[in-house]
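Residues per chain are reported as follows:
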Amino acid sequence: MGGNQSQPNATAIIGTGKGGPLDTSAGTIASRGISFTYDHAAEPALRDITLTVPAGECIVLCGASGCGKTSYTRVANGLIPSFFHGAFAGNQTTCGLDVETVPIDRLTPLVGSVFQNPKTQYFNANVTDELAFPAENIGCRPRTSIVVSRPWLSALALGICCIAASSPVRRQEQRIAVAAATMLGPRVVVLDEPTSNLDANAIADMRAMIEQMKDEGLTIVIAEHRLAWLNGVADRYVVFDGGHIVQDYEADEFLSLSPGCVAAMGLRALDLQPYRHRIATLASSPAADECTSALLGTHNLTIGYKGKDGFTRAIPDLRFRAGEITGLMGNNGCGKTTLVRTLTGLIKPVSGRIELNGVPAKPRDLTRAGFLVMQDVNYQLFSDSVREELLIGLDETDAGITAQANQVMADLDLAAFVERHPMSLSGGQKQRVAIGSALMCGKDLIILDEPTSGLDRYHMEQVGELLRRTGEQGKAILVVTHDEELAAGWCDRIVNLGADDSGNNGSHASNPDASSPNPNASTNFATASTHERNAQ
């Protein structure tokens, strides 16, 4: 068992690698000539990666979906090649240990990991047990201080002590995952898209946690699409493309890049203030003409559910019209997902009514009329190939339907994966498959819950364009999102479910400057990166 082994000597020199000795000091990540191809994959995920991350440094891995960011995090924490098998070449040391030769349990106390979907690393039903699990997993005795006391101390330090007693781990998932990852006192922490489903307040909390770890001297590697929140925290930005490192910027150099240059690299915005101004304008705009008929409407609606953690919430009367893209925003936990489940008939309203085309609708009517792309798309991928997923319930012998499916797959950059099993795809690719199913369903109401989580700039804009075209076909579209770039660029109006009496939606970071490296930068929301790409 890992707990019976002696602590590794993190300062030992392990090998020399290509081109001379590697830096193997405590907390250092050193890669030399790393290439890796997953078993059964046609192309390498990583190609000749040489990178050194000194102890105590915070670096951000950025680039388009599928560029190799996640694969490199797996190399850094030793999951490649110990867990993910394939053709591995090069020399990798993390905290002085050669990841290709040491058992994975030697790295476990030294490297904490937060995966892209934190649900995949939960093992217990409540937070206290979850925080104690890492120590138990390496063989610590149940009544030792690391098992009994440290979970509470960690919860207190990371601001989650209020939920540590019995709350289910589905609440504040990323924060809990970070706490569990740091339970053993690691020297390195690796995080894969830690903010993909967080609102701005939760992102500010995540930033504070990263700053605290950095102050304590931990080495931090963050693979991320949403970059604005890392201004002032990251020391370097490493840009990946096609499995290669194409740029390695110091933070000051990266943050001085123009919005057009950032967009040309396919990266998300570094300054969110122009987007937030646009969202505020959309949220304060008057509702559409009441004479315009609504596909779906609510009247005196109260949503919620029963149980120990149940809640109820009154919803202002809403109207969703054909051809209109409505953005639903608000803090995590304000009821957005419960509302869309109610609007699609998955749960019954507590009180009030929902109308379809002016007629009171039962839950089964709503289910027939609407299609919901869930926040976690793993729950709604059922087929053995991407093509079959898009054709579920449709006539595959109809040439028009198959042509439409082919076009949707091409529009979503899925043509290369038509025969791949959906569950073998990356998180962003799975998201696009689910969106493709929504576009194929033929229903009048399409609801998407966080459709751009895990998507890079190009694919976020691609989804926005498809939603726009779908709306032009007479569909009513409701988008639940924390993605301020998507909301500002593609929504016709914004409903702030988390707004307080002052009109503040609670979705703006407490420190605006934290996401505004260049306050004077201007942004053309929907077209900036498209124009830059066309100019190249």
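Coordinates for the structure precede this section.
Residues numbered from 1 in each chain as written. Predicted model: local features only at pLDDT ≥ 70, side-chain atom pairs only at ≥ 80, totals over all residues. Heavy atoms only, no water.

(A) Quick peek at the overall build of the protein. When you go through the protein residue by residue, the secondary structure sums to 19 helices and 20 strands. Every one of the 536 residues in the protein was classed for burial, and the buried ones make up 55%. Put simply, of all contacts in the protein between residues at least 6 apart along the chain, 71% involve residues at least 24 apart. Surface summary for the protein: the accessible area is close to 22600 Å², and the carbon and sulfur share equals 50%. (Helix = DSSP H or I, 4+ residues; strand = E, 2+ residues; numbered from the N terminus. Buried < 20%, exposed > 50% of the residue type's maximum accessible area, 1.4 Å probe, protein only. Contact = heavy atoms within 4.5 Å. Areas by Shrake-Rupley, 256 points an atom, 1.4 Å probe, with all protein chains shown as cover.)

(B) Just the layout of surface pockets, in detail. Approximately 410 Å³ is the volume found for the second largest pocket. Put simply, the parts of the chain that give the lining of the second largest pocket at least two residues each are β17 (370-373), α14 (386-390) and α16 (427-440). Among the residues forming the lining of the second largest pocket, the class breakdown is twelve nonpolar, five polar and two charged. (1 Å grid on protein atoms, 1.4 Å probe; cavity = no way out; pocket = protein on both sides within 12 Å on 5 of 7 lines; lining within 4 Å. Points joined across faces, edges and corners; volume = space filled by probe spheres on them. Nonpolar A, V, L, I, M, F, W, Y, C, P; charged D, E, K, R; others polar.)

(C) Summary view of the sheet that holds strand β6 (residues 111-114). Spatially, β6-β7-β8-β3-β9-β10 is the arrangement adopted by the six strands of the open sheet, whose pairing is mixed. Each edge of the open sheet is held by one strand with a lone partner, namely β6 and β10 (244-250). Direction aside, neighbouring strands of the sheet carry axes that sit 15 degrees apart on average. One ladder, built from four bridges, connects strand β3 (residues 58-62) with strand β9 (residues 236-241); its direction is parallel. When the sheet's bridge partners are listed, I59 is paired in β9 with R236. Seen against the sheet, helix α1 (residues 69-76) touches β3, β7 (188-192), β8 (219-223) and β9 and runs at an angle of roughly 140 degrees to β3. Across the face of the sheet, helix α8 (residues 200-215) comes into contact with β3, β7 and β8 while running at roughly 150 degrees to β8. (Pairing = 2+ DSSP bridges. Axes fitted to C-alpha atoms, helices over the stretch in contact; angles between N-to-C directions.)

(D) Geometry of a negative patch on the surface. Negative charge collects at one region of the surface, where D384, E388, D395, E396 and D398 lie side by side. Here E396 is to be found in the loop between α14 and α15 (399-411). (Patch = residues over 30% accessible without salt bridge, like charges linked within 9 Å, V, L, I, M, F, W, Y side chains within 5 Å. Salt bridge = Lys/Arg side-chain N within 4 Å of Asp/Glu carboxyl O. Lys, Arg positive; Asp, Glu negative; His and termini not counted. Charge placed at Lys NZ, Arg CZ, Asp CG, Glu CD.)

(E) Geometry of the packing of aromatic side chains. For the structure on display, the rule yields eight aromatic pairs. Measuring from ring centre to ring centre gives 6.2 Å for Y38 and F84, while their planes differ by 90 degrees; the resulting arrangement is edge-to-face. Highlighted residues: Y38 in strand β1 (residues 29-38) and F84 in the loop between α2 (79-82) and β4 (86-94), separated in sequence by 46 residues. Consider the rings of F83 and F84, whose centres lie 5.0 Å apart with planes at 85 degrees: the pair is edge-to-face. (Phe/Tyr/Trp six-rings, centres within 6.5 Å; stacked < 30°, edge-to-face > 60°.)

(F) Spatial organisation of the nonpolar core. Counting 45 residues, the largest nonpolar core has V386 and L448 as its most contacted members. At six residues, the largest contribution of residues to this core is made by α16. Leaving out residues up to four positions away in the same chain, V386 has contacts with M409, L414, F417, V418, R420, P422, L425 and V433. If you look at the next biggest cluster of nonpolar residues, it comprises 41 residues, including C58, M206, L230 and A251. (Core = buried A, V, L, I, M, F, W, Y, C linked by side-chain atoms within 4.5 Å.)

(G) Inspection of the side chain of R268 at higher detail. With respect to the helices and strands, R268 occurs in the loop between α10 (259-264) and α11 (273-284). Under the relative-accessibility criterion, R268 is labelled buried at 2%. Within the structure, R268 has its side chain in polar contact with the backbone oxygen of L455 (distance 3.2 Å). Within the structure, the side chain of R268 is placed 2.8 Å from the side chain of D483, a separation counted as a polar contact. Once you skip the residues sitting within four places of it in the chain, R268 turns out to touch H225, R226, L227, V262, T452, L455, D456, R457, M460, D483 and E485. (Polar contact = N/O pair within 3.5 Å; in protein donor to acceptor, adjacent residues only side chain to side chain.)

(H) Summary view of the pairing of β10. With six bridges connecting them, β9 and β10 associate as antiparallel partners. Across the sheet, R236 pairs through a bridge with E250, a residue of β10.

(I) Broad picture of the sheet that holds strand β18 (residues 445-449). Read from one edge of the open sheet, five strands run β17-β18-β19-β14-β20, paired in parallel fashion. Each end of this open sheet is capped by a strand with a single partner; those strands are β17 and β20 (493-496). Strand-to-strand twist of the sheet, defined as the mean angle between neighbouring strand axes without regard to direction, takes the value 20 degrees. Of the pairings in the sheet, the one linking β17 to β18 comprises four bridges and is parallel in character.

(J) Representation of the packing of helix α7 (residues 173-181) against α8 within the structure. In contact at an axis separation of 10 Å, α7 and α8 are set at 15 degrees when each is read in the N-to-C sense. Of the possible angle classes, the one that applies to α7 and α8 is roughly parallel. The two elements α7 and α8 meet at a crossing, and its hand is left-handed. Together, Q174, R175 and V178 of α7 and D205, M206, M209 and M213 of α8 make up the contact between the two elements. Across the contact of α7 with α8, the residue classes tally to four nonpolar, one polar and two charged. (Parallel < 35°, antiparallel > 145°, perpendicular 65-115°, else oblique. Left-handed = near helix turned anticlockwise from the far one by under 90°.)

(K) The arrangement of the side chain of T342 in detail. With respect to the helices, strands and loops of the structure, T342 is situated in helix α12 (residues 336-343). In contact with T342, not counting residues within four places along its chain, are I303, I347, K348, P349, I354 and L366.

(L) Examining unusual backbone geometry more closely. Note that the residue after I80, namely P81, is joined by a cis bond; omega there is 10 degrees. Mapped onto the secondary structure, P81 falls in helix α2. Positive phi, close to 55 degrees, is recorded for D413, a residue that is not glycine. One can find D413 in the loop between α15 and α16.

(M) Examining empty space enclosed by the protein more closely. Following the criterion strictly, the structure yields three cavities of 30 Å³ or more and no others. If you add up the space inside the second largest cavity, you get close to 80 Å³. What lines the second largest cavity is E193, S196, E224, H225, R226, R268, E450, T452, S453, G454, L455 and D483. Per-class residue counts for the lining of the second largest cavity are one nonpolar, five polar and six charged.

(N) Looking closely at the pattern of salt bridges. For the coordinates displayed, the defined rule picks out 16 salt bridges. Between R353 and E355 there is a salt bridge, and its shortest N-O distance comes to 2.9 Å. Using a relative accessible area of 38% as the deciding quantity, one classes R353 as partly exposed. When its relative accessible area of 13% is taken as the criterion, E355 is described as buried. A salt bridge links D365 to R368; the shortest N-O distance between them is 3.5 Å. With D365 and R368 both in helix α13 (residues 363-369), this residue pair falls three residues apart, about one helical turn. Assessed through its relative accessible area of 27%, D365 is described here as partly exposed. In this structure, a network of salt bridges that share partners links the residues E57, R236 and D248.

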